[in-house]
Structures are given as C-alpha cells and as structure tokens.
Amino acid sequence: MFLKDQKINIPKGISVDIRKDLITLSNTQTKVFVKTTKAFKACLSEDGSLTLIGTHSLKGATKRVARRLSPMGGTLKANILSAISGLVSGFSKEIEIVGVGYKAEYLSSKKLSLKLGYSHDILLDVPENIEVVCPQETLLILRSHCSESLGSFITELKKSKIPDVYKNKGILIKGDVLLSKKFKKK
C-alpha cells in the first residue's frame, strides 16, 4: 500500500520542474512530462530527490478510498521512473517487415512510406519525439525518450498491416514469436 511518502532519486544532469499537476523532467536535449492526480503532491527535497506525498489522509479514509489510491501511487511512481530512464538511456525497438515485396522508406519530412502489398503506398506521420532509422528496406529502428509515444506509434504501424498467423507475414517487433497456424483441412 502507498501509505508512506515515496522518494525517487534523480540522477545528475536531469532537472525537475513541478507545476500544479505536472512534473517536467528534462536534460539538455529533451523534456518529458508526467501528469499527477489531485490525490498526490510532488515536491523536491534538499538532497535532490523527488518525494511523492499522498494529499488524502489514509488513516481517516474508508477502505474503498485507500484501495483506489494505493495503485494510483504505484502507477505514478512507475511513470516517473520510466521518464527518468528514458532521459538517461532512451528506448528503442526494432521492427521487421516480413513479406514478399514489403518495404519501408523513411522520407525526409518526418514521413514514413510503407509498401505492404496494397495498390497504394501508406504514408505515416512520425511524431516529433520519435527518431526513425531505416538501415534496410525491411528493418526499422525506432528510438524515443518516451515509452508511451513509442508504443502508440508501433501500434499504429502494426495496424497498417496486421501480422498474418497463417502466412507469417506483416509488421512484427523483432524478437517476438509469431505462432503460425496450419490451414484447416477439408
């Protein structure tokens, strides 16, 4: 349970700015924002760590309120730790495009062109905080400081050609196993 104040150590090189319900974590290149709820307050301590404090007194609260606030505090702490690790090392994913004639091309103006067997090319807008590298026609390397935006962009990519379990082709994350099914027998 989230009964005690939670301390999060901030590494050197990362600055923290706390507004009303928004925590801004930044290094020299990028900024990452984490929203807080009204149930929790964030403040900086003298030793440079970030402290999360529950604004509601859990001693006088009902069990229902306490059960709702505990997971929210853990989620908030996990989001802050994820933002810190993204600023320190970043997140990256490798995407494979599997299929005969399937290709990807990164255009200069933050556009990604995909040839996936349709009669037209699919153009996707790449968000500002995602860097795309295309070393081969069938391999994409995506890098970002925010894991949420990276995951949502990968989901958008996968929707353009859903992996086919019968033919083992589509847009796949490298390393993920696609279980193939056998065709139905008549």
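Refer to the preceding data block for the structure.
An account of the accompanying structure is given in this report. (Residues numbered from 1 in each chain as written. Predicted model: local features only at pLDDT ≥ 70, side-chain atom pairs only at ≥ 80, totals over all residues. Heavy atoms only, no water.)

## Some points on the overall build of the chain
So, point 1. Helix and strand counts for the chain stand at two helices and 13 strands.
So, point 2. Taken over the C-alpha trace, the chain has a radius of gyration of 22 Å; the compact-globule value for 186 residues is 16 Å, which it surpasses by more than 25%.
So, point 3. For the chain, the C-alpha atoms occupy an extent of roughly 65 × 50 × 25 Å along the three principal directions.
So, point 4. When burial is assessed residue by residue, the chain has 33% of its 186 residues classed as buried.
So, point 5. A fraction of 51% describes how many contacts in the chain between residues 6 or more apart in sequence connect residues 24 or more apart. (Helix = DSSP H or I, 4+ residues; strand = E, 2+ residues; numbered from the N terminus. Rg over C-alpha atoms; globule rule 2.2 N^0.38 Å. Buried < 20%, exposed > 50% of the residue type's maximum accessible area, 1.4 Å probe, protein only. Contact = heavy atoms within 4.5 Å.)

## Brief notes about the sheet that holds strand β4 (residues 31-35)
So, point 1. Taken together, the three strands give an open sheet; going across it, the order is β2-β3-β4, and neighbouring strands pair in antiparallel fashion. Here the strands that pair on one side only, and so sit at the sheet edges, are β2 (15-18) and β4. Pairs of neighbouring strands in the sheet enclose a mean axial angle of 20°, with direction left out of account.
So, point 2. The pairing of strand β3 (residues 22-26) with β4 spans five bridges and is antiparallel. Opposite I23, over in β4, you have V34 as the bridge partner. (Pairing = 2+ DSSP bridges. Axes fitted to C-alpha atoms, helices over the stretch in contact; angles between N-to-C directions.)

## Notes on the environment of I130
So, point 1. Mapped onto the elements, I130 comes out in strand β11 (residues 130-136).
So, point 2. Given the relative accessible area of 1%, I130 is considered buried.
So, point 3. For the pair I130 and L150, spaced 20 residues apart in sequence, the C-alpha separation works out to 6.8 Å.
So, point 4. Setting aside residues no more than four positions away along its own chain, I130 makes contact with K110, R143, S144, S149, L150 and F153.

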